[in-house]
Every structure is written in C-alpha cells, then in structure tokens.
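Observations on the three-dimensional arrangement
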Amino acid sequence: RIEPYMGTYFYRTNTTIDALKDKRVRKALAFAINRKQVVERVSKCGQQPAYSFTPPGSDGYFPETSIPFDPDLAKTLLSEAGYPSGKGFPKLEILFNTQEGHRKIALAIQQMWQENLGIEVELVNQDWKVYLSRERVGDFQISRAGWIGDYPDPKTFLDMMVTGRGNNQTGWSNQEYDSLLKKAANATNQTERFNYFNEAEKILMDEKPIIPIYTYTRMYMLHPDVKGWKSNLLDTRPYQNIELIRD
C-alpha cells in the first residue's frame, strides 16, 4: 500500500546570506526544480510534488498556492536579481544529513540548478549531529529538511515559520505573516481560520524562505488476515480495533 502521510520534504534557505536575501533568487531556485521528475525518477515511493508547505487535505484544508516548473521564468528572476545566466552568483551549498535518499535528491536538484540557472552547486554531506548543529547556528546556505505534522491541522506547519520559532532556522521574518497566524488563533470558526492560513501560506510561498519538494507517503505491505486496519494522515493506529482473522 502507498498512502498519504502528513509530512513535507523541503529545502531551507538561509535568508541572512547576501546571495539569498533577495526573494527573486529564492523563487528562481524554486521554479528551476522539476518536482514531478524528482518523485517519479528519484524518490519513487508514490510521493506527490509539493506546491505548498502544508500538505493538501490536512483536516479539510487545501492551500491555494502553486510553484511552477518554469526554467525561463527562473532565469529571468535570477537575471533581475543581478545574475544574468548565473554569472557572478556564488557557489551554492546544499547541506544534507547522511542518507542515500537525501543524496540522490540533492544530486538531482544540483543538476537542475546547474542546467536551468547556470550556477555552481556543491553537495555537503554531514552526519546527523553535525547537520543539526550547523542548521541551529545558521551555518548553511541551503539545507534539506522535513516536517511531519504533530496533529492534522495546518497550524502545525505554518506556526513553525513565525518569527523567532526554534524550527524556523531560515532567518526569515514577516510581520504580516505573523499577524495572520495570530488572527487564525483567535478565529471563531474553521472557515475563518483556514482563510487566514491560506493568506499566510500565500505569503510564505511568495517569499520562499523554504522550498517544498514533495509530500510524504507511507509505503507498506498489509497481510489479508489483518482486519480493522485504517489509514490516516498521521499514520497512527488504534491497535485495539485491529484483529487477525484467517479467511
């Protein structure tokens, strides 16, 4: 079985670095990634391309955002930021922790950025502790990341990017975004909450302090004797409802 899972694989950008302060550069990086190719040829476990930070369908929430694969637009944005055909753009590092899947995705994105933007990209592989330490102190340019929802609601994703949050780690801050999250917290009904979340998501996807790559899935095998097994976005199982019955 391959089922949806409430998690997003994404790249953090360090917005405090000169080359990445300009959102046009960050958008160029995002638009130069062919997500469909990543999930079909690299990860190959039924993942879905991500065009928002929050996975679609979280408690009935569907983000109204998109991230096109558009190399021409990406080149134009990079040129407008002062780097025509990638000229003068400093070498960009992708930091990732030791795992073959992360390496393969980084290799694919390295190739896309080099071919579509004309920039030099270096892959930096670190063990888990060093990787976390470097992210924590901001010693990175681009770093791979993943986030799994703690509960089935967009707040568990969007709240992470509020100014000063410990898991933000991008240096990004936007007062309007922060205000929308506060308004969502004080909303009196779900429709109002989701409207605020959607507006916040649009700001996040316009500013691109993070670059979503794909939405996670769970892949597993289930024996036909297992009864009462139900899938859910958080991959939590009430085992008291599960039985083994041989047909």
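In this report, we go over the structure that sits alongside the text. Please read all numbers here as calculations on a predicted model, not as lab measurements. (Residues numbered from 1 in each chain as written. Predicted model: local features only at pLDDT ≥ 70, side-chain atom pairs only at ≥ 80, totals over all residues. Heavy atoms only, no water.)

**Structural notes on the pattern of salt bridges**
One pass over the full model with this rule turns up 18 salt bridges. It is possible to trace a salt-bridge network through shared partners that takes in K23, K27 and D206. (Salt bridge = Lys/Arg side-chain N within 4 Å of Asp/Glu carboxyl O.)

**Here we look at the nonpolar core**
Counting 66 residues, the largest nonpolar core has Y11, F53, W113 and Y177 as the members making the most contacts within it. When residues in this core are grouped by element, the largest group, 7 residues, is from helix α5 (residues 100-117). Beyond its immediate chain neighbours, meaning those up to four positions away, Y11 contacts I94, I105, A106, I109, W113, I142, S143, R144, P209, I210, I211 and I213. (Core = buried A, V, L, I, M, F, W, Y, C linked by side-chain atoms within 4.5 Å. Buried < 20%, exposed > 50% of the residue type's maximum accessible area, 1.4 Å probe, protein only. Helix = DSSP H or I, 4+ residues; strand = E, 2+ residues; numbered from the N terminus. Contact = heavy atoms within 4.5 Å.)

**Regarding the sheet that holds strand β4 (residues 121-126)**
Ordered by their spatial adjacency, 6 strands build an open sheet running β2-β6-β1-β5-β3-β4, and the pairing between neighbours is mixed. In the strand order of this sheet, the two ends are held by β2 (48-49) and β4, each with one partner. As defined by bridge partners, strand β1 (residues 2-13) adjoins strand β5 (residues 142-148) across 7 bridges and the pair is classed as antiparallel. Across the sheet, residue R12 finds its bridge partner in β5, namely S143. Against the sheet, helix α3 (residues 35-43) contacts β2 and β6 (210-219), and its axis sits at roughly 40 degrees relative to β6. Packing of α5 onto the sheet brings it into contact with β1, β3 (92-97), β4, β5 and β6, and relative to β3 it is tilted by some 165 degrees. (Pairing = 2+ DSSP bridges. Axes fitted to C-alpha atoms, helices over the stretch in contact; angles between N-to-C directions.)

Scope: geometric values only; no functional claims are made or implied.
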